[in-house]
Amino acid sequence: MNQGNQTTIYEFILLGLSNQVEKEKLIFVLFLSMYLVTVVGNGLIILAIGLDIHLHTPMYLFLANLSFADISSSSTSVPKMLMNIQTKSQSISYEECITQMYFSIVFVVVDNFLLGVMAYDRFVAICHPLNYTIIMHSRFCVLLTVCPWFLSNIVALTHTLLASQLVFCNQNTIPHFFCDLAPLLKLSCSDAMINELVKFIVGLSVITFPFALILFSYVCIIRDVLRISSREGKWKAFSTCGSHLTVVILFYGTIVGVYFFPSSTHPEDTDKIGAVLFTVVTPMMNPFIYSLRNKDMKGALRKLINEKHFFPLVS
Ligand SMILES: *[C@@H]1O[C@H](CO)[C@@H](O)[C@H](O)[C@H]1NC(C)=O
């Protein structure tokens with residue numbers, strides 16, 4: 001093997017989203033705001049659910065888990081990116097880069113599985129309402145939340161171990177705002193064939209399994225909703241899953257566009273836009289989509305704000 005042009009890379013350069021100073025300022029403000037909205041919004045959901053005993057039902061516990069994954073997901077990439085803009089430094093150490101990659105995979109994958117679990121929950125609630133409490137007993141619910149976290153760590157570990165075998169030559173510039181798997185594979189000068197293959201196969205199974213579950217649930221849900229004779233009842237049943245459907249479409253639309261295709265077949269911008277959408281935008285949207293249309297959630301939030309005097313001006 002030719003060792004001539006092979007140097008050990010100790011750090012990477014993250015080019016970020018733009019190289020123009022003016023645009024960077026705008027990006028800083030925009031991403032800081034989105035990040036704060038994500039943390040506050042999802043944080044309030046977790047608190048509201050945790051403190052309201054009426055919301056200790058499977059649906060809300062899954063939602064709290066999703067909120068936690070959302071906060072974590074943007075926390076893996078956004079703070080580092082903001083710091084790099086602020087300090088005008090673009091570097092990230094090799095270890096930081098690999099760690100960032102690991103956690104970004106964990107949280108995207110766990111989001112994926114949790115959306116599947118939530119679809120299953122709605123399916124049981126609407127299509128087998130009488131057996132709901134029997135099917136969704138507490139041990140099974142714990143299993144339904146532990147499995148996504150466990151599996152997502154396995155997936156991330158697989159990708160990270162494979163990526164740590166890659167050799168990086170003189171090139172260490174990543175045209176992205178965090179160490180995502182795809183741009184890292186592109187950058188490596190060793191043969192990333194296996195990595196690409198594993199990324200494709202694992203990505204395919206990680207996406208199709210929950211997606212099939214979601215599709216299956218919705219076929220049944222829509223069939224049952226259409227059977228409800230009163231318009232009011234139809235609307236009520238549909239509104240509980242309409243918000244879930246919105247998130248699902250938003251999430252899968254972007255993830256399929258970016259992760260299903262090998263990195264070399266689409267331009268770098270697609271990677272970046274996709275990554276912004278599902279590590280920054282979807283996590284920010286989830287609290288709004290789930291809570292603002294949901295009466296119980298709104299009630300719990302109002303109670304939380306009033307009782308705890310979080311925002312004296314609001315209450
Ligand atoms: C996630 O779900 C489990 C069980 O369903 C629950 O015990 C736990 O509190 C949830 N996590 C969060 C952060 O709410």
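Residues numbered from 1 in each chain as written. Predicted model: local features only at pLDDT ≥ 70, side-chain atom pairs only at ≥ 80, totals over all residues. Heavy atoms only, no water.

- An unreviewed UniProt entry lists the chain under the name Olfactory receptor, with Phodopus roborovskii as the source organism.
- Recorded in UniProt for the chain, the comment headed Subcellular location (unreviewed entry) runs: "Cell membrane".
- You can read under Sequence similarities (unreviewed entry) in the UniProt record for the chain the words "Belongs to the G-protein coupled receptor 1 family." (UniProt positions renumbered as here; feature names shortened; annotations may be inferred.)

## Describing the UniProt feature "transmembrane region" (unreviewed entry) in the chain
Here is step 1: Feature annotation in UniProt assigns "transmembrane region" (unreviewed entry) to the following positions: residues 26-51, 101-120, 140-162, 200-221, 242-261 and 273-292.
Here is step 2: Its end C-alpha atoms 37 Å apart, residues 26-51 is made of 100% helix and 0% strand.
Here is step 3: The distance separating the terminal C-alpha atoms of residues 200-221 is 31 Å; by composition the span is 100% helix and 0% strand. (Helix = DSSP H or I, 4+ residues; strand = E, 2+ residues; numbered from the N terminus.)

## Description of the packing of aromatic side chains
Here is step 1: Evaluated as defined, the whole model comprises eleven aromatic pairs.
Here is step 2: Between the aromatic rings of Tyr 120 and Phe 140, the centroid separation amounts to 6.4 Å while the plane-to-plane angle is 75°, which identifies the pairing as edge-to-face. Note that Tyr 120 is positioned in helix 3 (residues 94-127) and Phe 140 in helix 5 (residues 138-164), a separation of 20 residues in sequence.
Here is step 3: For Phe 140, a relative accessible area of 23% gives the class partly exposed.
Here is step 4: Each ring, one from Phe 123 and one from Phe 216, has its centre 5.6 Å from the other, and the planes form 50°; the classification is tilted. (Phe/Tyr/Trp six-rings, centres within 6.5 Å; stacked < 30°, edge-to-face > 60°. Buried < 20%, exposed > 50% of the residue type's maximum accessible area, 1.4 Å probe, protein only.)

## Observations regarding the site of the ligand
Here is step 1: Leu 61, Ala 64, Asn 65, Cys 141 and Thr 145 make up every residue found near the ligand.
Here is step 2: Interatomic distance of 2.3 Å between a side-chain N/O atom of Asn 65 and an oxygen atom of the ligand.
Here is step 3: Here an oxygen atom of the ligand and a side-chain polar atom of Thr 145 are 3.4 Å apart.
Here is step 4: When the ligand sits alone it has 360 Å² of accessible area, and the protein chains cover 64% of it.
Here is step 5: Taken together, the elements giving at least two residues each to the shell around the ligand come down to helix 2 (58-87) and helix 5. (Near = heavy atom within 4 Å. Polar contact = N/O pair within 3.5 Å; in protein donor to acceptor, adjacent residues only side chain to side chain. Areas by Shrake-Rupley, 256 points an atom, 1.4 Å probe, with all protein chains shown as cover.)

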